[in-house]
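Residue-level listing of the chains:
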Amino acid sequence: MARERPPRRGCGTLRRCLLGAALLLGLRLCADLRRVGSGSPARSALPGPAWRPPGPHLQPAPGSPRGASRRQVTYVRSGRRAPPGDGGSGTPEPGCCAPRGRPRRKGPRWHIDLQPWAGPAQSLDEEAWRFLRYISTAQIACNHMNTDSLATDSSPTHKPWSVCLDDRFNLAHQIRNKQCRLYSLGLGSDDTHFEVSMANNGCEVHRFDPSVKSAHILESQHLWYHRLSIDWRDPHPAVAAQKPHSNTRKLGSILNEFGHHKIDILKADLESAEWKVLENLILEDVLERIGQLIFEIHLHWPGFEVSGSDSSVVRFWYSLLKELEQKDFRLFHSYKDLSKPQLFLKKDIFNASSCYTLSWVNTRWK
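Thresholds, definitions, all that
Residues numbered from 1 in each chain as written. Predicted model: local features only at pLDDT ≥ 70, side-chain atom pairs only at ≥ 80, totals over all residues. Heavy atoms only, no water. Core = buried A, V, L, I, M, F, W, Y, C linked by side-chain atoms within 4.5 Å. Buried < 20%, exposed > 50% of the residue type's maximum accessible area, 1.4 Å probe, protein only. Helix = DSSP H or I, 4+ residues; strand = E, 2+ residues; numbered from the N terminus. Contact = heavy atoms within 4.5 Å. Patch = residues over 30% accessible without salt bridge, like charges linked within 9 Å, V, L, I, M, F, W, Y side chains within 5 Å. Areas by Shrake-Rupley, 256 points an atom, 1.4 Å probe, with all protein chains shown as cover. Salt bridge = Lys/Arg side-chain N within 4 Å of Asp/Glu carboxyl O. Disulfide = S-S within 2.5 Å.

Under the annotation held in an unreviewed UniProt entry, the protein carries the name Methyltransferase like 24 and is attributed to Papio anubis.

If you want it as structure tokens, here you go:
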């Protein structure tokens, strides 16, 4: 007779494994549901997109409209403990916020706010007329300009570098007390009459020019020459490491390096680099440390690292000057240099000069 085989145990073992797996999955789902019900986040065990850690861009809240802008928010945990009986309310504690009565510190700005277009056509004509009218119209009256009444040098000035000496703006008081400070930014210009005149009146004058032969020269008791070029950016760290005495700096870096908190007068003739330097002064809030600005602006081309259509370039120029106005600077003098070519963005149009000298005063200066 054939020997009878014992029954196989494989089927029973498989059933028990499947039942055990189903039981474990059910317990896992129950635990997840409890966590969701209690409000604490849990990673899903169900198939779907892989879980990703929270990044810098926060996901929109459920129910927020599609396309709504996302804002990056940083939360600061307070060092104070919540008082007993607070109940875990969501009200932020005083320690996480700026003290009342003090303005919140602004974060860094990366670009200026462009003004609306001058007209619906967004044309060069519209932008140019608005810009030229703006730089030709004084915004505040100054009854006493220049240093003629104070200067000991009687020779005529070569360029109209005008400062406002009205008592309400404090510069005349600073000059009389020998406490004023002037920064002059140039690129190889031989016209230093204004700097010499201010130094003779007792102002501390610093002339920055990369063509100076020595690093620092004391020309007279109050007049310094520095072989430094003011730029809208500091040199790259790798370049700075190889050339620790690099002669290019941002103005804010120079102020910190020299230990100067304020400048009474900033004069600049930067041969078309003035637009980017001015943008840097605005974005880094260096303007708050300056009493009066005297800038020579050049309009025959967009300037260094300024690009775009002609109308957008003029809109950028205009927006920079409007930023000055928002910082409480007011234009008190405008000079149109008719000795320079009559070119506006390489075109002989609008009866415009390629060079203007503009003077502003900080109306909040003390």
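What follows continues from the structure just given.
> Describe in detail the nonpolar core, supporting the description with residues and values.
The biggest cluster of nonpolar side chains holds 52 residues, and the ones touching the most others in it are Phe131, Leu251, Trp275, Leu299, Trp317 and Phe344. Tallying contributions element by element places helix α8 (residues 310-326) first for this core, with eight residues. Not counting residues within four places of it along the chain, the set of residues in contact with Leu299 comprises Phe131, Leu132, Ile135, Trp275, Trp317, Leu343, Phe344, Leu345, Ser353, Ser354 and Tyr356.

> Now, about a nonpolar patch on the surface: what can you tell me, with residues and values included?
Together, Leu23, Leu24 and Leu27 make up an exposed nonpolar region whose accessible area comes to about 340 Å². Take Leu27: it is sitting in helix α1 (residues 10-38). A relative accessible area of 52% means that Leu27 is categorised as exposed.

> Can you lay out the side chain of Asn280 for me, pointing to particular residues and giving the numbers?
Structurally, Asn280 is set in helix α7 (residues 274-283). Take Asn280: its relative accessible area is 7%, and that puts it in the buried class. Discounting residues that sit within four places of it in the chain, Asn280 has contacts with Trp232 and Lys250.

> Kindly report on unusual backbone geometry, identifying the contributing residues and their values.
Keep in mind that most residues, glycine aside, have a negative phi and that most peptide bonds are trans. A positive phi is found at Glu271, a non-glycine position, where the angle reads about 55 degrees. If you trace the backbone, Glu271 turns up in the loop between β7 (263-268) and α7. In this structure Glu271 comes out as partly exposed when scored by relative accessible area, which is 39%. With phi around 65 degrees, Phe350 is a residue other than glycine that occupies positive phi space. Note on placement: Phe350 falls in the loop between β9 (329-336) and β10 (355-362). The buried category is assigned to Phe350, whose relative accessible area is 16%.

> Lay out the state of the cysteines in plain terms, naming residues and giving numbers.
Across all of its chains, the model carries two disulfides by this definition. Disulfide pairing places Cys142 opposite Cys164 at an S-S distance of 2.1 Å. Because the sign of the S-S torsion sets the handedness, a value of about 110 degrees for the bond joining Cys142 and Cys164 places this disulfide among the right-handed ones. Within this pair, whereas Cys142 is found in the loop between α2 (124-135) and α3 (171-176), its partner Cys164 is found in the loop between α2 and α3, the two being separated by 22 residues in sequence. Of the two residues examined, Cys142 and Cys164, each falls in the buried class. Here Cys180 pairs with Cys203 through a disulfide, and the sulfurs are 1.5 Å apart. What sets the handedness of the Cys180 and Cys203 disulfide is the S-S torsion sign, and at about -120 degrees it is left-handed. Of the two residues, Cys180 sits in the loop between α3 and β1 (181-185) while Cys203 sits in the loop between α4 (193-200) and β2 (204-208), which places them 23 residues apart along the sequence. Comparing Cys180 with Cys203, the two get one shared label, buried. By sequence order of its bonded cysteines, the protein has the disulfide arrangement 1-2, 3-4.

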